[in-house]
Amino acid sequence: MAAPMLSTHDIPAETTEMWKDVFTAFVDGAAEDPTIPAKVVGKAIRAAGQCPTNDQLNNMVEEMIPGAETDPTARVTFQQFERLMVQALNEFKTEETLRAALRDFDKDNSGFINISEFRHFMTSIGDPLEPEEMQELIAECQAGACFDSAGVNLSIDEFIKKFMPPLVGQP
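Within any chain, residue numbers begin from 1 and follow the written order of that chain's sequence. Thresholds applied to this predicted model are a pLDDT of at least 70 for local features of residues and 80 or more for the giving and counting of side-chain atom pairs; totals over whole chains, interfaces and linings are not thresholded and use all residues. Think of the side-chain values as coming from all heavy atoms in the structure, minus any hydrogens and water.

### Some thoughts on the nonpolar core
Right, on to step 1. As used in this record, nonpolar core signifies buried Ala, Val, Leu, Ile, Met, Phe, Trp, Tyr and Cys residues forming a set joined through side-chain atoms within 4.5 Å. Burial here depends on accessible area, computed with a 1.4 Å probe over protein chains only, as a share of the maximum for the residue type. Under 20% is buried, over 50% is exposed, and the range in between is partly exposed. Trp19, Ile36, Val41, Ile45, Val61, Val76 and Phe81 are the most contacted members of the largest nonpolar core, which totals 25 residues.
Right, on to step 2. Secondary structure elements with two or more residues in this core: helix H1 (13-26), helix H2 (41-47), helix H3 (54-64) and helix H4 (78-91).
Right, on to step 3. Per the convention used, a helix needs a DSSP run of H or I reaching at least four residues, while a strand needs a run of E reaching at least two, with both numbered from the N terminus. In terms of residue count, the dominant contributor to this core is H4 (7 residues).
Right, on to step 4. With 16 residues, the next largest nonpolar core counts Leu98, Met134, Leu154 and Phe159 among its residues.

### Looking at unusual backbone geometry
A negative phi angle is the norm for most residues apart from glycine, just as the trans form is the norm for most peptide bonds.
Right, on to step 1. With a phi angle near 55°, Asn109 is a residue other than glycine that sits in the positive phi range.
Right, on to step 2. Here Asn109 shows up in the loop between helix H5 (95-103) and strand E3 (112-114).
Right, on to step 3. A relative accessible area of 67% means that Asn109 is categorised as exposed.

### Remarks on helix H7 (residues 131-143)
Residues spaced three or four apart along an α-helix point in a common direction, a consequence of the helix completing one turn every 3.6 residues.
Right, on to step 1. For H7, which comprises 13 residues, the first-to-last C-alpha distance of 18 Å matches the rise-based estimate of 18 Å (1.5 Å per residue) to within 8%.
Right, on to step 2. All of the buried residues in H7 are Met134, Leu137, Ile138 and Cys141. Seen along its axis, H7 keeps its buried residues to an arc of 100°; they face one direction. Pointing more than 90 degrees away from the buried face of H7 are the exposed residues Glu132, Glu136 and Ala143.
Right, on to step 3. Between two residues, a contact is recorded if the distance between any of their heavy atoms is within 4.5 Å. As for H7, its buried residues are in contact with helix H6 (115-124), strand E4 (153-155) and helix H8 (156-163). Here the expected span of a helix is defined as 1.5 Å times the quantity of residues minus one. Starting at the helix axis, one direction is taken to each C-beta atom, and the arc is that of these directions.

Next up, the structure:
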């Protein structure tokens, strides 16, 4: 059975506050106009813990703000950002789908994946990361103790804890 669709009213206050903090970090205008450029919405959504592909992200933003993809002056309010976050929670990479995708790399069912294979996949297939983005991801994994003691294999559980935290206030 599919999980019920969330709305902005279902999001715990602590999560909304975290989203506001992330959003505020991307605000580049005057305080009386707290908006962010549409072109940085993807970075903000990813910083808030979601991971839509670039195509999914472009479709979401374009649906909310027609013409945003081609308009360099397009801006997003917090209310729009909040709706995009809820949409992302409803549509994209849940913990279960991420865990299933990572398990494809876990050839011996040990709960670990070889970082070289993971790096190759993440930088060459689907919506690939740029090499610099992959280096940042690896650095965050190292800082978050996501690797085994040899530093060669990535713990699926630790990776998910680091990059897919549950909604604040949820188990």
